[in-house]
Amino acid sequence: MSHLFSPLTIKDVTLRNRIGVSPMCQYSATDGVPNDWHLVHYGSRATGGAGLIIVEAAAVEPRGRISPEDLGMYSEEQIPAYQRLTAFMKENGAVPGIQLAHAGRKASTHSPFKQQGSEPAVATENGGWDVIGPSALPFAEGYKTPKEATIEEIKEIQEKFRQATIAAAKAGFEWLEFHAAHGYLAHSFYSPLSNKRTDEYGGSFENRIRFTLETAQIMREAWPDHLPFTVRISATDWTEGGWTIEESVELSKRLKALGVDLIDCSTGGNVSDAKIPVGAGYQNTFAERIRNEASIATAAVGLITQGMQADELIRNEKADLILIGREFLRDPYWPLRAATTVHKINDLAIPPQYARGW
Ligand code: FNR
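Definitions and cut-offs
Residues numbered from 1 in each chain as written. Predicted model: local features only at pLDDT ≥ 70, side-chain atom pairs only at ≥ 80, totals over all residues. Heavy atoms only, no water. Helix = DSSP H or I, 4+ residues; strand = E, 2+ residues; numbered from the N terminus. Rg over C-alpha atoms; globule rule 2.2 N^0.38 Å. Buried < 20%, exposed > 50% of the residue type's maximum accessible area, 1.4 Å probe, protein only. Contact = heavy atoms within 4.5 Å. Areas by Shrake-Rupley, 256 points an atom, 1.4 Å probe, with all protein chains shown as cover. Phe/Tyr/Trp six-rings, centres within 6.5 Å; stacked < 30°, edge-to-face > 60°. Lys NZ or Arg CZ within 6 Å of the ring centre and 35° of its normal. Core = buried A, V, L, I, M, F, W, Y, C linked by side-chain atoms within 4.5 Å.

A. Summary view of the overall build of the chain. Looking only at helices and strands, the chain features eleven helices and 13 strands. For 358 residues, the compact-globule formula gives about 21 Å, and the C-alpha radius of gyration of the chain, at 19 Å, lands near that figure. Along the first, second and third principal axes, the C-alpha set of the chain runs to 60 × 40 × 40 Å. Out of the 358 residues belonging to the chain, those deemed buried represent 59%. Residue pairs at least 24 apart in sequence account for 71% of intrachain contacts in the chain once pairs closer than 6 positions are excluded. Of the roughly 14,000 Å² of accessible surface on the chain, 50% is carried by carbon and sulfur atoms.

As structure tokens, then:
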């Protein structure tokens, strides 16, 4: 029976355990280039025992950054800076992954700890930029109204995803995630709440998922066959008339057919007033349903904070991988602690420098 500290093999990559660092923006980059903060932050989670580290959303073009301090994967100078990170993570037993993203209509906003006042958007005169989306509908008050993307612009953005995918492989990443959740560009195309288009990218379910499917296919083709390619989706909009879990199951089947190896099951983020029943493991049922109904590996994420809680999900075949977010911000050594609580300390490869501490 698999458990939290069993290895997980997908394609040619084996994670030393089922614990991954969920992608979390650090809002600490200049011109999209990772720096010492990122090396120490991701490096400590590698020495802390995570099997997988998914580096935060890296934008495929400057316009696709959530904030001016986001990471990017669109310029040559970014690649060697990432190589430093991926080498260190690998040396310390973690598989280096990265999430490629385009923030769409939620771009050009202040990072949480740089915001002054209540206005989320960064004005163009203060270093912000014009944003793009499926329809000219802002996410919420204080956000920019996106330009409705033309077909040509859609293709250009997809080409940026292709180039960023190639760059991510060059940078030494071995696990790639396409960010199609949280109200960013792909999610805003597949949710009927943000997509009011009448062309082949809007309207019916088939048309709304077209952007995500096409982009995933382009990325899968550009990414080495032998490395895992995954997609994070928002499995529900948590709002009447919004995107549903049933649609997520169907989308996951289509993504699987394109060669996607795992669905990372998050929720929400596309409407500002959704009523989300946040609580322990509140998103886990989505990972379980997609795993069962679309027959694809899934990652569970969202308020999973305890070793036993994470272990139970793997043992009872509700998910294949556990992603931990905020608990990893509080404790880079979460896997070491979890290993003691689930009595698997001997299954954990503790860095020799730390072995005497355990
Ligand atoms: C996030 N989250 C997030 N999600 C994502 O897909 N890409 C990202 O870059 C980010 N950035 C980010 C930054 C910060 C500071 C937080 C707290 C969260 C969401 C994150 O990956 C995770 O899905 C949620 O935090 C829920 O998991 P936890 O924190 O309850 O374990």
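B. Representation of the packing of aromatic side chains in the model. All told, the structure shown has eleven aromatic pairs when counted by the stated rule. One aromatic cluster is present, formed by Phe189, Tyr201 and Phe211 through successive ring pairs. Geometry around Trp129 places Arg65 over its ring, the cationic atom sitting 4.4 Å from the centre. Across the ring face of Tyr184, the terminal group of Lys106 is positioned such that the distance to the ring centre comes to 4.9 Å.

C. Structural view of the nonpolar core. Of all hydrophobic cores here, the largest spans 95 residues; its most connected members are Met73, Phe173 and Ile290. Among the elements that take part in this core, helix α3 (residues 151-170) stands out by supplying six residues, more than any other. Discounting chain neighbours no more than four positions away, the residues touching Ile290 are Ile233, Ala235, Ile245, Ser248, Val249, Ser252, Ile263, Cys265, Ser295, Ile296 and Thr298. Grouped together as the second largest cluster of nonpolar side chains are seven residues, Tyr27, Ile66, Ala107 and Tyr184 included.

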